[in-house]
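# Secondary and tertiary structure notes
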2 protein chains.
Amino acid sequence: MFVQNPSIDEAVRIINSGRKRGVVVVVGICEVVYSGRAAATLKPGRRLVIVKRDGTLLVHEAEKAQPKIWNPPGSSTAAYVEGGRLVIKSVRSRPFESVRVYFSSLDFVAAFDVETSELELVGSEKDVVEALVKAPWLIEEGLEVVGVEVPTDVGHIDILARDREGRHVVVEVKRDVATHDAVFQLARYVELYRKRGERARGILVASDITAAALEYLRRYGLEFVKVNPRELMASINKKVG
Amino acid sequence: MFVQNPSIDEAVRIINSGRKRGVVVVVGICEVVYSGRAAATLKPGRRLVIVKRDGTLLVHEAEKAQPKIWNPPGSSTAAYVEGGRLVIKSVRSRPFESVRVYFSSLDFVAAFDVETSELELVGSEKDVVEALVKAPWLIEEGLEVVGVEVPTDVGHIDILARDREGRHVVVEVKRDVATHDAVFQLARYVELYRKRGERARGILVASDITAAALEYLRRYGLEFVKVNPRELMASINKKVG
DNA sequence: TAGTACATCTCGGGC
DNA sequence: GCCCGAGGTGTACTA
C-alpha cells in the first residue's frame, strides 16, 4: 500500500492507519523541530521519515547510521494537516520531548506490513563470560570459579575466582579493546579485598587493551589476559560439542 | 524513482546506482545473516532495508528505534543476483563484519535524493559546561574558573577552579541524572591532587543524582550541586542576551 | 518504575 | 589511525 506524490489527506490517512500494521515510510521536503532535554531544528530538506507502530519516529538523511532526529518507542506519534501542510508530531512524556516534522512537499508515502522477530545474537559479553566460566583455564591454569556477576558495593564482578594459592581473583571481562575505564573498574573491586587485608589479584580479560590502560594496569599491580571472543566461542563450541 | 514489485534486475540496478544519489529503500521478505565480532541470523520475514550513500546498511523491523541488523558508514554495500534471488551484501573491514540480506520476495524498491544537513543542537553537555564557565557562581559563590576540559592522566576535567580559600575544585558536569560512574570519575580526578598532598575538593554538578551515587559521593568526601540544564541555559541566555 | 550495565553501540574531537 | 568520552544515546534486566 503506497502512493507516489500523495495528496496531504491521503498521506495523513496512510500514516495514521497504516502505522498500526507495521511501518510507514514518508519521503519529502520538510523542516524538523525537536524540543525537549535539548533543542534543535533542521532546515528544509528532503528526508526519509519512518513511523513505527510502537510510536518510534526516525528522521534519516543520506549519511550516518543514526537518525538526525528521533523519538523512541512509546512516543505518541500521529499525522495531521496544519495550514495546508502535512505535519507529523511525536511526543514522549518522560522525559518530555517533542518532535514535529513539517512537510512542504511530498514525494512518497507508504505503509508496509513489516513485523518484528527475535534475534539470537552470539558473542555478546554475557556469552564471553559464560564461555570463560566453562573454561577458566583459558584465563589461568588452576583457576577455580567461585561466582559470576557477584554484586559488591561498587558494582558487579564479572567473574570471581580463586587461584592455586587460594587468593581471590577478580576477573573483569571486556569483549573488545579495554580502556582505562575497565582498569579503574577492576581496581575498585580488587581494592575491596585488599582494604580488608586479604590477598587479591585482578585480571582484565579482553581482546586487547589500549597503551594507557596497560600502564595503569601495571601501576595498580593488576594483570591482563588477551582472549579473542571469536576464538573463545569457537574453542568452547568445539569442546562442548 | 521507485518501483513496486520490481524485477530482481531492476532492484539490483536501483540499489547500486540509486544509492549514490542518497538513500535506497527496499521492502521484501528476506533472511539476514550477520557475522563479525558477534553473529546472528534473522529468519525469513518482511523487513525494511535502507542503503545509504556512505555505505550504511540498516535492517529495520516494526518496533524499536534501533535496526535489528546493520553495518555502519564506510562499509562496502552492494546488491547482486545469486541463485535467482536479490542479495544485498555489506562488508566492513576493521573490525571485519559482514551482513548479507537474502530476499525471497520483493515488495518495493526506491531511490530517493535525500541529502545531509547540519544539525545545531542546543543543550548538550558542552553547552552546560560553557554556561557554567560564564556563571560559576551558580555552582558556588566566589568560585574562580581556572581551566576547561583540562587533560589529566586519567581523563579530562570538565571545569577546574579555585574556591575562596584557594583550594583546587574539580567540577564534573552531567546533563542528566548522575550515577555512581560519574562519582568514580570525579574521585579519580580529585585523587590526583590529594595524592600530591594538595587540598582539593570535588563537585558533581548534575540535574539529579541516584541514591547510591550520593552515598559514594559522601564517602569520598565529594559534593553535589543540583543544576537543571534547561533552567541554566535559560538564565544564561537572559543574562547574556 | 528506577537503577544498572552492555552495545556489532555511534559519533565527534584530539593527537 | 588510535584513544577517549558524550549521547536527546537505546536496550534489556532486575529489584
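Residues numbered from 1 in each chain as written. Chains lettered and ligands numbered in written order. Predicted model: local features only at pLDDT ≥ 70, side-chain atom pairs only at ≥ 80, totals over all residues. Heavy atoms only, no water.

Formally: UniProt positions are given in the numbering used here, feature names are shortened, and annotations may be inferred rather than shown by experiment.
An unreviewed UniProt entry lists chain A under the name Endonuclease NucS, from Pyrobaculum islandicum. As stated in UniProt under Subcellular location (unreviewed entry), the record for chain A gives "Cytoplasm". According to the UniProt record, the Sequence similarities (unreviewed entry) comment for chain A is "Belongs to the NucS endonuclease family."

### Some remarks on unusual backbone geometry
All names here are of chain A. Spelled out, the test is: Only DSSP runs of H or I with at least four residues qualify as helices, and only runs of E with at least two residues qualify as strands; both kinds are numbered from the N terminus onward. Only protein chains enter the calculation, and the probe is 1.4 Å; a residue is then buried if its accessible area is under 20% of its type maximum, exposed if over 50%, and partly exposed in between.
Along the chain, R94 connects to P95 via a cis peptide bond; the corresponding omega equals -5°. Topologically, P95 is positioned in the loop between β7 (85–92) and β8 (97–112). Of note in the backbone geometry, K64 takes a positive phi value of approximately 80° without being a glycine. Position of K64 among the secondary structure elements: in the loop between β4 (57–60) and β5 (69–71). Using a relative accessible area of 52% as the deciding quantity, one classes K64 as exposed. Positive phi, normally seen in glycine, also occurs at E149, with a value near 50°.

### Looking at the protein's contact with DNA strand C
Under the convention used in this document: The cutoff for a nearby residue is simple: one of its non-hydrogen atoms must lie within 4 Å of the molecule or strand. In the analysis that follows, any N or O atom pair within 3.5 Å is treated as a polar contact, provided that within protein one partner can donate a hydrogen and the other can accept it, and provided that, for residues neighboring in sequence, both atoms belong to side chains.
Neighbouring DNA strand C are 22 residues, the closest being A65(A), E125(A), R37(B), W70(B) and H180(B). Per the 4 Å cut-off to the protein, sugar and phosphate atoms form 81% of the nearby atoms of DNA strand C. In the model, a phosphate oxygen of DNA strand C is placed 3.2 Å from a nitrogen or oxygen of the R94(A) side chain. Measuring from a phosphate oxygen of DNA strand C, one finds a side-chain N or O atom of W70(B) at 2.8 Å. Taken together, the elements giving at least two residues each to the surface near DNA strand C come down to β10 (155–162) and β11 (168–178) of chain A together with β5 (69–71) of chain B. Per element, the largest residue contribution to the surface near DNA strand C is 3 residues, and it comes from β11(A).

### Concerning the relation of the copies chain A and chain B
The line we're drawing: Copies overlap after least-squares fitting; the atoms used are the C-alpha atoms of residues with pLDDT of at least 70 in both. Only heavy atoms enter the contact rule, under which two residues are in contact if any of them lie within 4.5 Å.
In screw terms, the move from chain A to chain B is a rotation of 180° and a rise of 0.0 Å along the axis, fitting with an RMSD of 0.4 Å. Viewed as a symmetry operation, the transformation between the two copies matches a two-fold axis. Take the interface residues of chain A: 98% of them recur as interface residues in chain B, which is what a same-surface contact looks like.

### Description of the domain arrangement of chain A
Basically, it comes down to this: In this document the domain limits rely on a domain assignment from an automatic tool or a database.
What the domain assignment reports for chain A is domain 1 (2–112) and domain 2 (125–240). Look at where the C-alpha atoms of domain 1 of chain A and domain 2 of chain A centre, and you get two points 46 Å apart.

### Topic: the protein's contact with DNA strand D
Contacts to DNA strand D come from 27 residues, most closely from R37(A), W70(A), N71(A), H180(A) and E125(B). For DNA strand D, the backbone makes up 80% of the atoms found within 4 Å of the protein, where backbone means sugar plus phosphate. One of the side-chain nitrogen or oxygen atoms of E97(A) is found 3.1 Å away from a base nitrogen of DNA strand D. Interatomic distance of 2.8 Å between a backbone N/O atom of Q66(B) and a phosphate oxygen of DNA strand D.

### Considering the packing of aromatic side chains
How we decide: Note on aromatic pairs: the rings of Phe, Tyr and Trp (six-membered ring only in Trp) are paired at centre separations within 6.5 Å, and the planes decide the class, stacked below 30 degrees, edge-to-face beyond 60, tilted for the rest.
Within the structure shown, the criterion is met by 7 aromatic pairs over all chains. On the numbers, 4.9 Å between centres and 20° between planes, the contact of F108(A) with F108(B) is stacked. Taken together, the positions of F108(A) in strand β8 and F108(B) in strand β8 (residues 97–112) put the pair across two chains. We note that F108(A), like F108(B), is buried. Centroid distance F184(B) to Y220(B): 6.1 Å. Interplanar angle 85°. Geometry classified as edge-to-face.

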